[in-house]
Amino acid sequence: MIWGWPCWKRPIDRSEIYICDEFFMTGTAAQITVVVKVDHRPVGKGTMGPVTNSLSTLFDDVVHGKNSKYAHWNVPV
C-alpha cells in the first residue's frame, strides 16, 4: 500500500492499457503526468481519474512544503 492505494510492480500487456480506468506516468521531470489517450484510444473517461488526482495533489503538496508529514523530504536550495 502506498498512501492508502494498493500498488505493485509487474510487466503489463499493451491490451491492459487499452482497458484500464486510468493511467499515469511518473519520473523526475514528468512528476505525475496523466495519460488520457494511447494509440488514439481514450484511457478510461479520457480525463484524470481519482487515483491520479489524489497522487498528483499529494505530490504537489509535498514538493511545495504544504504537507508537514513529509517536510523532512524537502531540502532548501
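Each chain has its residues counted from 1, following the order in which its sequence is written. Local features in a predicted model are, by the rule used here, given only for residues with pLDDT of at least 70; side-chain atom pairs are given and counted only at 80 or more, and totals for whole chains, interfaces and linings are based on all residues. Computation of side-chain values: all heavy atoms of the structure, hydrogens and water removed.

*Asks:* Explain the nonpolar core here, please?
*Replies:* In a soluble, globular protein the nonpolar side chains are often hidden away together inside. Remark: nonpolar core denotes a set of buried residues (Ala, Val, Leu, Ile, Met, Phe, Trp, Tyr, Cys) joined through side-chain atoms within 4.5 Å. Throughout, exposure labels follow a simple rule: accessible area from a 1.4 Å probe, protein chains only, divided by the maximum for the residue type, with under 20% read as buried, over 50% as exposed, and the rest as partly exposed. In terms of nonpolar packing, the biggest core is built from 5 residues, these being Ile17, Cys20, Val35, Val38 and Val43. By definition in these notes, contact holds between two residues if any of their heavy atoms fall within 4.5 Å. Not counting the four nearest positions on each side in its chain, Ile17 is found in contact with Ile12, Phe23, Val38 and Val43.

*Asks:* What's the story with the packing of aromatic side chains in this structure? I'm lost.
*Replies:* A pair of aromatic rings is counted whenever rings of Phe, Tyr or Trp (Trp by its six-membered ring) have centres within 6.5 Å, and the orientation is called stacked for planes under 30 degrees apart, edge-to-face for over 60 and tilted otherwise. A complete count under the given rule lists 1 aromatic pair for this structure. With a centroid separation of 4.6 Å and an interplanar angle of 50°, the aromatic rings of Tyr70 and Trp73 are classed as tilted. Sitting over a ring, as applied to charges here, requires NZ of Lys or CZ of Arg to be within 6 Å of the ring centre and within 35 degrees of the ring normal. Looking at Arg41, its charged tip hangs above the ring of Tyr18, at a distance of 3.9 Å from the centre.

*Asks:* Mind showing me how you'd approach the pattern of salt bridges here?
*Replies:* Should their charged atoms come close, side chains of opposite charge can pair. Think of a salt bridge as a Lys or Arg side-chain nitrogen and an Asp or Glu carboxyl oxygen that are within 4 Å of each other. Taken as a whole and judged by the stated rule, the model has 2 salt bridges. Of the charged contacts, one joins Arg10 and Glu16 as a salt bridge, the two residues approaching to 2.7 Å between their closest N and O atoms. Taking relative accessible area as the criterion, Glu16 reaches 28% and is therefore assigned partly exposed. Here Asp39 ties to Arg14 by a salt bridge, and the two come within 2.9 Å at their closest N and O atoms. Taken together, the residues Asp39 in the loop between β3 (37–38) and β4 (41–42) and Arg14 in helix α1 (residues 14–19) connect sequence positions 25 residues apart. A relative accessible area of 48% places Arg14 in the partly exposed class. Helix and strand assignments come from DSSP, with helices taken as H or I runs of at least 4 residues and strands as E runs of at least 2, each series counted from the N terminus.

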